[in-house]
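A structural walkthrough
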Amino acid sequence: MFGLANPDRFLRFTRPLMPVVWGLAVVLLAVATWLAFAAPEDFRQGDTVRIMFVHVPAASVGLAAYAALGVSSFFALVFRHPLADAAARAAALPGAAFTALSLVSGSLWGKPMWGAWWAWGDARLMSVLILFLFYLGYMALRASIDDEAKAARAAAVLGLVGLINLPIVKFSVDWWNTLHQPASLMRADGPAMPPVYLTPLLTMMAAWGVLFLALWLTAIRTEVVRRRVLSVRARRALEA
């Protein structure tokens, strides 16, 4: 990992990987979508059960993306990892998009199941909303400070603080008895759903995970190039 801290080495290493990762994401998404539509209706939820194949992967990737942002922020602050700040910044926008999608799809799923679009007293809903606000705060803080070095340090601190919310999101359904059902996948006695739903769900989660990886690597590469362009412009301005 530290070997890839060098931007040139990172660009060389990831260049041949990009078409592979994007291609794998497209294939997995196609297969997962077919499996999701091929799954039968649920005897209670009917066709609305298919929202699960969007909601659960979006929420999972939103959590994973913030974990990537937080860990990258840690390496940026503590180890001065040259690419860590770029990695943290690159994770923010796709992570926020996946988290927003999980909130919207959860609302669409909640209306027919709970009879309400939103429940302010639900611990999982509120903790995911807080996660989304951390994403927005991170991006807003970076945009509000002109000095890139100061913006990076301030945003990294905020990114680390937001890590506290991740276990709250994960275990909220176990710690508090609210509307959300307990965990269905990661259980000591195994997943609490039949293979006809479990297989497309896990495939979709893998597809969206690879999609985030593709987006993240692309954004990091773009950020590296952007900073090089800014550096060249600043050097030419000094020489002039």
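Residues numbered from 1 in each chain as written. Predicted model: local features only at pLDDT ≥ 70, side-chain atom pairs only at ≥ 80, totals over all residues. Heavy atoms only, no water.

The next subject is the overall build of the protein chain. Counting its regular elements, the protein chain contains eight helices and zero strands. Tracing the protein chain from N to C terminus, the helices and strands come up as α-α-α-α-α-α-α-α. Along the longest, intermediate and shortest principal axes, the C-alpha atoms of the protein chain span 70 × 40 × 30 Å. A buried classification covers 41% of the 240 residues belonging to the protein chain. (Helix = DSSP H or I, 4+ residues; strand = E, 2+ residues; numbered from the N terminus. Buried < 20%, exposed > 50% of the residue type's maximum accessible area, 1.4 Å probe, protein only.)

What follows deals with the side chain of Arg 221. Within the fold, Arg 221 resides in helix α8 (residues 195-239). No salt bridge is formed by the buried Arg 221, whose closest oppositely charged neighbour, Asp 8, lies at an N-O distance of 9.9 Å. Sequence-distant contacts of Arg 221, defined by excluding residues within four places in its chain, comprise Phe 10, Leu 11, Thr 14, Arg 15 and Met 18. (Lys, Arg positive; Asp, Glu negative; His and termini not counted. Salt bridge = Lys/Arg side-chain N within 4 Å of Asp/Glu carboxyl O. Contact = heavy atoms within 4.5 Å.)

What follows concerns the packing of aromatic side chains. Considering all chains together, one arrives at seven aromatic pairs under this definition. Ring centres 5.7 Å apart and planes at 45 degrees place the aromatic pair Phe 98 and Trp 208 in the tilted group. In this pair, Phe 98 sits in helix α4 (residues 84-114) while Trp 208 sits in helix α8, placing the two residues 110 residues apart along the sequence. Summarising the burial analysis for this pair, Phe 98 and Trp 208 share the class buried. If you follow Lys 170 out to its NZ or CZ, it ends over the ring of Phe 171, 5.0 Å from the centre. (Phe/Tyr/Trp six-rings, centres within 6.5 Å; stacked < 30°, edge-to-face > 60°. Lys NZ or Arg CZ within 6 Å of the ring centre and 35° of its normal.)

So, about the side chain of Asn 165. Tracing the chain through its elements places Asn 165 in helix α7 (residues 165-175). Among residues more than four places away in sequence, those in contact with Asn 165 are Ser 127, Ile 130, Leu 131 and Phe 134.

A general feature of soluble globular proteins is that nonpolar side chains tend to end up buried together. Of all hydrophobic cores here, the largest spans 53 residues; its most connected members are Met 52, Leu 69 and Trp 216. Elements represented by at least two residues in this core include exactly α1 (7-14), α2 (17-38), α3 (52-78), α4, α5 (123-144), α7 and α8. Residues contacting Leu 69, with those up to four places away along its chain left out, are Ala 88, Ala 91, Ala 92, Tyr 135, Tyr 138 and Gly 159. (Core = buried A, V, L, I, M, F, W, Y, C linked by side-chain atoms within 4.5 Å.)

A cluster of nonpolar side chains, namely Phe 74, Val 78 and Phe 79, defines an oily patch on the protein surface of about 280 Å² accessible area. Within the element layout of this structure, Val 78 appears in helix α3. Judged by its relative accessible area of 48%, Val 78 falls in the partly exposed class. (Patch = residues over 30% accessible without salt bridge, like charges linked within 9 Å, V, L, I, M, F, W, Y side chains within 5 Å. Areas by Shrake-Rupley, 256 points an atom, 1.4 Å probe, with all protein chains shown as cover.)

Interaxial distance between α3 and α4 falls to 7 Å at its minimum, and their mutual angle equals 155 degrees. In terms of their interaxial angle, α3 and α4 are classed as roughly antiparallel. Crossing of α3 against α4: the hand is left-handed. (Axes fitted to C-alpha atoms, helices over the stretch in contact; angles between N-to-C directions. Parallel < 35°, antiparallel > 145°, perpendicular 65-115°, else oblique. Left-handed = near helix turned anticlockwise from the far one by under 90°.)

In this section: the pattern of salt bridges. By the definition in use, this model includes eight salt bridges. Of the charged contacts, one joins Asp 85 and Arg 142 as a salt bridge, the two residues approaching to 2.7 Å between their closest N and O atoms. With Asp 85 in helix α4 and Arg 142 in helix α5, this residue pair connects regions lying 57 residues apart in the sequence. We note that Asp 85, like Arg 142, is buried. Measuring nitrogen to oxygen at the nearest pair gives 2.5 Å for the salt bridge that ties Asp 85 to Arg 227.

Turning our attention to the environment of Ser 172. Within the element layout of this structure, Ser 172 appears in helix α7. Among the residues examined, Ser 172 registers a relative accessible area of 0% and is labelled buried.

Confidence along the protein chain averages 87 in pLDDT terms, with 90% of residues attaining 70 or more. Summarising per-element confidence for the protein chain, the mean pLDDT is lowest in α7 (84) and highest in α2 (95). (pLDDT = per-residue confidence, 0-100.)

Moving on to unusual backbone geometry. Despite not being glycine, Arg 80 shows a phi value in the positive range, around 55 degrees. On the secondary structure map, Arg 80 appears in the loop between α3 and α4. Judged by its relative accessible area of 58%, Arg 80 falls in the exposed class.

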